[in-house]
Amino acid sequence: MRTINVFANDTELSKATKKLLKQKLEKSDFVVPQEFDPNAELIVCIGGDGSFLETLQKYEFPLIPFVGINTGHLGFFQEISPDGLDEFIFKYKQEKYEIQHLKTVKAEVIIGKNKKEFIGLNEILIKGIRSRIVHLNISIGGSFIERFSGDGILVSTPAGSTAYNYSLGGSIVDPRLSLLQVTPIAPMNTTAYRSFTSSVILPPYLSIRINPEYAKDKELLIVADGMEHILQGAEEIIIGFSNYIIKLLRFENYDFWTKVKSKFI
Ligand code: NAP
Ligand code: MN
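Cut-offs applied
Residues numbered from 1 in each chain as written. Chains lettered and ligands numbered in written order. Predicted model: local features only at pLDDT ≥ 70, side-chain atom pairs only at ≥ 80, totals over all residues. Heavy atoms only, no water. Helix = DSSP H or I, 4+ residues; strand = E, 2+ residues; numbered from the N terminus. Rg over C-alpha atoms; globule rule 2.2 N^0.38 Å. Buried < 20%, exposed > 50% of the residue type's maximum accessible area, 1.4 Å probe, protein only. Contact = heavy atoms within 4.5 Å. Areas by Shrake-Rupley, 256 points an atom, 1.4 Å probe, with all protein chains shown as cover. Domains from an automatic or database assignment. Buried area = accessible area lost by both parts, 1.4 Å probe. Near = heavy atom within 4 Å. Polar contact = N/O pair within 3.5 Å; in protein donor to acceptor, adjacent residues only side chain to side chain. Phe/Tyr/Trp six-rings, centres within 6.5 Å; stacked < 30°, edge-to-face > 60°. Lys NZ or Arg CZ within 6 Å of the ring centre and 35° of its normal.

(A) Quick peek at the overall build of the protein. A tally of helices and strands in the protein yields five helices and 15 strands. Here the C-alpha radius of gyration of the protein, 20 Å, is about what a compact globule of 265 residues would show, namely 18 Å. Along the longest, intermediate and shortest principal axes, the C-alpha atoms of the protein span 65 × 40 × 35 Å. A burial count over the protein gives 49% of its 265 residues as buried. Look at the contacts in the protein between residues 6 or more apart in sequence, and 69% of them connect residues 24 or more apart. Of the roughly 13400 Å² of accessible surface on the protein, a fraction of 51% belongs to carbon and sulfur atoms.

The following block contains the structure:
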C-alpha cells in the first residue's frame, strides 16, 4: 500500500484542497491516513511557507520527502497550485520529479548541566526578550571574533536566505551552496560598542559559539523558523549545520533563480 500524509492549515481553501486531493489520491489507489504515518512515502503540505515550516517542527524534521501546495501568500517552498492537483498526481506516479535536498541549522544551548536543541530549516535567531539589547561574545571555529551588541543575530541556511535574512540585508544564497550566513540585527557601532555591520558567511564545518553577557535577568529569546522559546540562564549556544536534511519534490520547470525572480521582483 502506498501511503501519503496530507496536512492542511486552517484556511477554507486549504481545507477544500485537502478534501479534493484526498479523493483524487484514493482514486489512484493511494492511502491517505487521518493521522501522521511515519511509513508514508510522501508528505503533502497545503498552506504557505509558514505552515510547511510548522509541519517540519511538529513532526521533528522527518526524512520522508515533502511537496507543498500553495494556498498561502508567498509559497517559496511550495511547488504546486491548488488547481494543479491532477497534473501533480500524474507526474508523481510517473516519477517526473527531482528531489531537492535542503540543509538545516541546529542550535545547542547549554544551561548548567542541561542541553537543549533547536532545529530550523530557514534560520535560528538569538535576540533579547522584551526588546532589550543583547551582548553576545561570538567565536567562529574556536577563535573569538567579536562582542556583538544590538538586537540579536540570525543564522540562516541557504533555504532561509530569502526569508528574514533577506529583510535584514543579508544575501540571497543559491541552495546548491553549503554555507551558513550570520546576519546582525541592528548592530551597535559607537565608541562604546563595536559589531560587524554586514553578514558573514561560513563554511559548513565551522560552528558559531555564542557566550551571552547578561546585565539584568538572564533571559534570551531563541527563534527557530518563527517559533519562539525563552531561554533562562543560557551559558553557551553553539550553532552549526544539523544532520537533518529536508527533501522537497521539485518538478521539471523548477529553477531556483526563476523562483526568486517571480517572488521578489
Ligand atoms: P509570517 O509571519 O507569515 O511571514 C513570513 C513571510 O516569509 C511569509 O510571506 C512567508 O511565506 C515567507 N517565507 C517563509 N520562509 C521563506 C523562505 N524560505 N523564503 C522566502 N520567504 C519565506 O511567518 P511564517 O509564514 O510562519 O514564516 C516564518 C518565517 O518568517 C521565519 O522563518 C522568518 O524567516 C520569517 N520572518 C521574516 C521577518 C521579516 O522579514 N522581517 C520577520 C519575522 C519572521 P508564506 O506567505 O507562504 O507563509
Ligand atoms: Mn506565513
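Having put the structure on the table, let's press on.
(B) Up close: the domain arrangement of the protein. Taken domain by domain, the protein consists of domain 1 (2-95) and domain 2 (105-242). Between the C-alpha centres of domain 1 and domain 2 there is a distance of 32 Å. If you look at the interface, domain 1 gives eight residues, while domain 2 gives nine residues. Counting each side, the surface lost to burial between domain 1 and domain 2 is near 690 Å², with a carbon and sulfur contribution of 74%.

(C) How the structure looks around the site of ligand 1. The immediate surroundings of ligand 1 are formed by 18 residues, with Asp49, Gly75, Glu123, Thr162 and Ser167 found nearest. Separating an oxygen atom of ligand 1 from a backbone N or O atom of Gly50 is a distance of 3.1 Å. For ligand 1, an oxygen atom lies 3.1 Å from a polar atom in the backbone of Tyr164. Those elements that provide at least two residues to the shell around ligand 1 are helix 2 (49-58) and helix 4 (164-167).

(D) Examining helix 3 (residues 85-93) more closely. Buried residues of helix 3: Leu85, Phe88, Ile89, Lys91 and Tyr92, and no others. Just past helix 3, the residue Glu95 takes up positive phi, approximately 55°.

(E) Structural detail: unusual backbone geometry. A positive phi angle, close to 70°, is found at Asp29, a residue other than glycine. Structurally, Asp29 can be placed in the loop between helix 1 (12-27) and strand 2 (30-31).

(F) Geometry of the packing of aromatic side chains. Under the defined criterion, the tally for this structure stands at 15 aromatic pairs. Here the aromatic rings of Phe61 and Tyr244 are separated by 6.0 Å at their centres, their planes lie at 40°, and the arrangement is tilted. Of the two residues, Phe61 sits in the loop between helix 2 and strand 4 (66-70) while Tyr244 sits in strand 15 (residues 236-250), which places them 183 residues apart along the sequence. Take Phe61: its relative accessible area is 4%, and that puts it in the buried class. Aromatic ring contacts, followed pair by pair, group Phe30, Phe88, Tyr92, Tyr97 and Phe251 into a single cluster. It is Lys103 that lies over the ring of Phe241; its NZ or CZ is 5.3 Å from the centre.

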